[in-house]
Amino acid sequence: QVQLVESGGGLVQPGGSLRLSCAASGFTFSSYAMTWYRQAPGKERELVASILTAAGSTNYADSVKGRFTISRDNAKNTVALQMNSLKPEDTAVYYCNARGTIFPMLMEYWGKGTLVTVSS
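Conventions we followed
- Residues numbered from 1 in each chain as written.
- Predicted model: local features only at pLDDT ≥ 70, side-chain atom pairs only at ≥ 80, totals over all residues.
- Heavy atoms only, no water.
- Salt bridge = Lys/Arg side-chain N within 4 Å of Asp/Glu carboxyl O.
- Helix = DSSP H or I, 4+ residues; strand = E, 2+ residues; numbered from the N terminus.
- Buried < 20%, exposed > 50% of the residue type's maximum accessible area, 1.4 Å probe, protein only.
- Phe/Tyr/Trp six-rings, centres within 6.5 Å; stacked < 30°, edge-to-face > 60°.
- Lys NZ or Arg CZ within 6 Å of the ring centre and 35° of its normal.
- Contact = heavy atoms within 4.5 Å.
- Core = buried A, V, L, I, M, F, W, Y, C linked by side-chain atoms within 4.5 Å.
- Pairing = 2+ DSSP bridges.
- Axes fitted to C-alpha atoms, helices over the stretch in contact; angles between N-to-C directions.

Details of the pattern of salt bridges
Inspection of every chain in the model, using the stated rule, returns five salt bridges. Note that D90 is salt-bridged to R38, the shortest N-O span being 2.9 Å. Within this pair, whereas D90 is found in the loop between β8 (78-83) and β9 (92-102), its partner R38 is found in strand β4 (residues 33-39), the two being separated by 52 residues in sequence. Neither residue differs from the other here; D90 and R38 are each classed as buried. A salt bridge links E108 to R99; its shortest N-O distance comes to 2.6 Å. If you follow the salt bridges from partner to partner, you end up with R38, E46, R67 and D90 in one network.

Below is the structure:
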């Protein structure tokens, strides 16, 4: 059974930091690109950061570059998002996504999300 379980969300003041984690199981984690998305109230879901498989190539939304860092541990089947210098506009539900090709099919899995609230 495939599972992606996010943790680490919560309430933080502007300028603070949080570290989100996503624990994966039920699939070959190292073969999947991992991505953090977020969805703020009344807005569409947007890509925050992604990391490819073993090579570790990363990509970030312009709005989080220099503040957020994505990393993965293929031995522990986890992906993390370190979020620094948080702003109120970072408030959203953050989702973990896994995407990979098991030829000929594209496989994609989602976690249920963790809420991040940035407020004083």
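Continuing now.
Focus on the packing of aromatic side chains
Under the counting rule described, the total for this entry stands at five aromatic pairs. Considering the side-chain rings of Y37 and W110, the 4.9 Å spacing of their centres and the 50° angle between planes classify their relative orientation as tilted. Separated by 73 residues along the polypeptide, Y37 in strand β4 and W110 in strand β10 (residues 105-110) bring together distant segments of the chain. Given the relative accessible area of 37%, W110 is considered partly exposed. By way of ring pairs, the aromatic residues F27, F29, Y32 and Y109 are connected into one cluster. One cation-aromatic arrangement involves R72 over F29; the distance from NZ or CZ to the ring centre is 4.5 Å.

Some thoughts on the environment of P88
Among the structural elements, P88 can be located in the loop between β8 and β9. When neighbours within four sequence positions are excluded, P88 is seen to be in contact with P14 and V118.

Here's the deal with the environment of S31
Position of S31 relative to the elements: it lies in the loop between β3 (18-25) and β4. Considered as a pair, S31 and I102 are 71 residues apart in the sequence and their alpha carbons are 9.1 Å apart. Those residues in contact with S31 that lie beyond four places of it in its chain are T53 and G100.

With respect to the nonpolar core
In summary, soluble globular proteins display a tendency toward joint burial of nonpolar side chains. Within the largest apolar cluster, 31 residues are counted, with the highest numbers of intra-cluster contacts made by L4, M34, W36, V79, L81, M83 and Y94. For this core, the secondary-structure elements that each account for two or more residues are β3, β4, β5 (46-51), β7 (68-73), β8, β9 and β11 (114-118). Not counting residues up to four positions away in its chain, the partners in contact with Y94 are E6, L20, W36, Y37, R38, V48, F68, L81, M83, G113, T114 and V116.

Re the sheet that holds β8
Taken together, the four strands give an open sheet; going across it, the order is β1-β3-β8-β7, and neighbouring strands pair in antiparallel fashion. Edge positions in the sheet fall to β1 (3-7) and β7, since each has one partner strand and no second. Across the sheet, the axes of successive neighbouring strands diverge by a mean angle of 15°, strand direction being ignored. Where β7 and β8 come together, six bridges link them in antiparallel fashion. Its bridge partner being in β8, F68 is matched across the sheet by M83.

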